[in-house]
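# Coordinate inspection notes
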Amino acid sequence: MMVDICYNSARRPFGQGAPLDALAPANTGDVRAFHRTFREYAPTPLHDLPHLAGEFGLGRILIKDESRRFGLNAFKVLGASYAIGRYLAEKLGRPLSSLDPDRLRDPVLREKLGDITFATTTDGNHGRGVAWTARQMGQKAVVYMPRGSASSRVENIRALGAECSVTDLNYDDAVRMTWARARERGWVMVQDTAWDGYEDIPAWIMQGYTTLAAEALEQMRTAGTQAPTHVFLQAGVGSFAGAVLGCLAAELGPDMPVFVIVEPHRANCIYRSVLAADGRPHSVAGDLDTLMAGLACGEPNTISWPLLRDYAAACVSCPDCVAADGMRILAAPRGGDVPVLSGESGAVTTGVLQWIMQSEEGAEAREKLRLNGTSTVLLISTEGDTSPSTYRDVVWFGRHSRWSE
Ligand SMILES: Cc1ncc(COP(=O)(O)O)c(C=O)c1O
């Protein structure tokens, strides 16, 4: 099994890299306040897995379970809801703190706003968040998906009243198509990645994700647990990883954890960008064909990339069976740990941690990243079984085994 690791030679000390202020908990108070206005809001669980930590030779493993987020089975709605809230607040010329979903549906405000269509491209989770929020606000959503998208993910989006279709394009080309169509038709593009000239909404989406990092910090403090020494973050375009890294680094300062970014081999754009070591983001083209649908993105987010470039310690590129191993490990815990229902993009960091801690080939990484009995590792299971048939095939029937890939 080939797992590739690239150590970031351009990593900088705290305070000497890309600015972190926009993601600092002190400056994102209105993000959580807005999320709390949704009836569905509740902090997701942060589980301690002491037996797994013991088996891996680590001090502690904490895993945040985002399958419980707003009843939508993934963290993504945190970004879409905050960005749409901010957009509507700006359109009304009012502070976001004066608005909540009920007020935004109020006939007088609704009249002022008019009919808005929010458009996006998605592997499934982000589009579900956009469709859910648009419905909460009494507005419309149009969602496009890359070729090969799972029908259960399409159905979940349609069930929220959005128009949803599968294109014959890969993720990044579908984003370009959606952008052209949105401009032509006057739709508001709510995309979870940025490019030159399209930055406000993606920056709000990243701020939206910080709610989960702020919750985790609070949960650790309440439990009297030390702050994490290591955080493993999975990346598609890197918005999620940049947001969580930025929030934790801003809060923990010079004591910030060692951040490890994880991607599938076939869509490893952050890995390749760090490996190139020229400071610029690099893309991966083609089919981006991976089990990890949420991570099948080939072009880094231009506003998140500088954070990953400056503060990530290492990037890991791995085959699909590593994500499948992670799903099985979390589903069938040993020694009384809580089981975690984790989908392919959610579980890949657990699979990578297993490989680093328990394989012979992982010895160099254990040493270089100083992963040992004193480490507290934070993992984020970013989704539950968002494709139930894939989950069953992997966890029940053993598809994507390390012995056959
Ligand atoms: C479940 C899940 N995890 C992680 C990610 C990665 O997020 P990003 O594209 O911001 O890197 C996604 C993206 O869609 C996702 O759906």
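Residues numbered from 1 in each chain as written. Predicted model: local features only at pLDDT ≥ 70, side-chain atom pairs only at ≥ 80, totals over all residues. Heavy atoms only, no water.

Turning our attention to the domain arrangement of the protein chain. You can read the domains of the protein chain as domain 1 (4-74 + 202-395) and domain 2 (77-198). Centre-to-centre separation of domain 1 and domain 2, based on C-alpha positions: 25 Å. Taken together, the contact pairs 43 residues of domain 1 with 40 residues of domain 2. Summing the contributions of domain 1 and of domain 2, the shared interface buries around 3400 Å²; its carbon and sulfur component is 60%. Summed over the three residues of domain 1 that lose the most area to domain 2, namely F34, L72 and W204, the buried surface amounts to 22% of that side. Taken together, the links from domain 1 to domain 2 amount to four salt bridges. The biggest single contributor to the side of domain 1 that touches domain 2 is helix 9 (residues 200-223), with eight residues. (Domains from an automatic or database assignment. Contact = heavy atoms within 4.5 Å. Buried area = accessible area lost by both parts, 1.4 Å probe. Salt bridge = Lys/Arg side-chain N within 4 Å of Asp/Glu carboxyl O. Helix = DSSP H or I, 4+ residues; strand = E, 2+ residues; numbered from the N terminus.)

Once that is clear, we can look at the site of the ligand. The environment of the ligand is made up of 16 residues, and the closest members are D123, N125, G236, G238 and T382. Contact distances for the ligand include 2.8 Å between an oxygen atom and a side-chain N or O atom of N125. G236 places a main-chain nitrogen or oxygen 2.6 Å from an oxygen atom of the ligand. Burial of the ligand by the protein amounts to 99% of the accessible area it has alone, namely 390 Å². Among the cavities detected, the one that contains the ligand is the largest cavity. Residues that form the shell around the ligand fall into these classes: five nonpolar, eight polar and three charged. (Near = heavy atom within 4 Å. Polar contact = N/O pair within 3.5 Å; in protein donor to acceptor, adjacent residues only side chain to side chain. Areas by Shrake-Rupley, 256 points an atom, 1.4 Å probe, with all protein chains shown as cover. 1 Å grid on protein atoms, 1.4 Å probe; cavity = no way out; pocket = protein on both sides within 12 Å on 5 of 7 lines; lining within 4 Å. Sits in = over half its atoms within 2 Å of the grid points. Nonpolar A, V, L, I, M, F, W, Y, C, P; charged D, E, K, R; others polar.)

To continue, consider the layout of surface pockets. Put simply, the largest pocket is a space of about 480 Å³. A per-class count over the lining of the largest pocket returns eight nonpolar, six polar and eight charged. Composition of the lining of the largest pocket by domain shows at least three residues from each of domain 1 (4-74 + 202-395) and domain 2 (77-198). (Points joined across faces, edges and corners; volume = space filled by probe spheres on them.)

If you walk across this open sheet you meet the four strands as 6-5-4-7, and the pairing is parallel. The open sheet has two free edges, formed respectively by strand 6 (163-166) and strand 7 (188-189), since each of these has just one partner strand. As judged from the five bridges shared by strand 4 (residues 117-121) and strand 5 (residues 140-145), these two strands associate in the parallel manner. Along strand 5, the bridge assignment pairs T121 with Y144. (Pairing = 2+ DSSP bridges.)

Our next topic: the side chain of T290. Relative to the elements of secondary structure, T290 occurs in the loop between helix 11 (269-276) and helix 12 (305-311). Engagement of the side chain of T290 in a polar contact is seen with the backbone nitrogen of M292, the distance being 2.9 Å. Excluding its chain neighbours within four sequence positions, the residues that come into contact with T290 are P264, A296 and D320.

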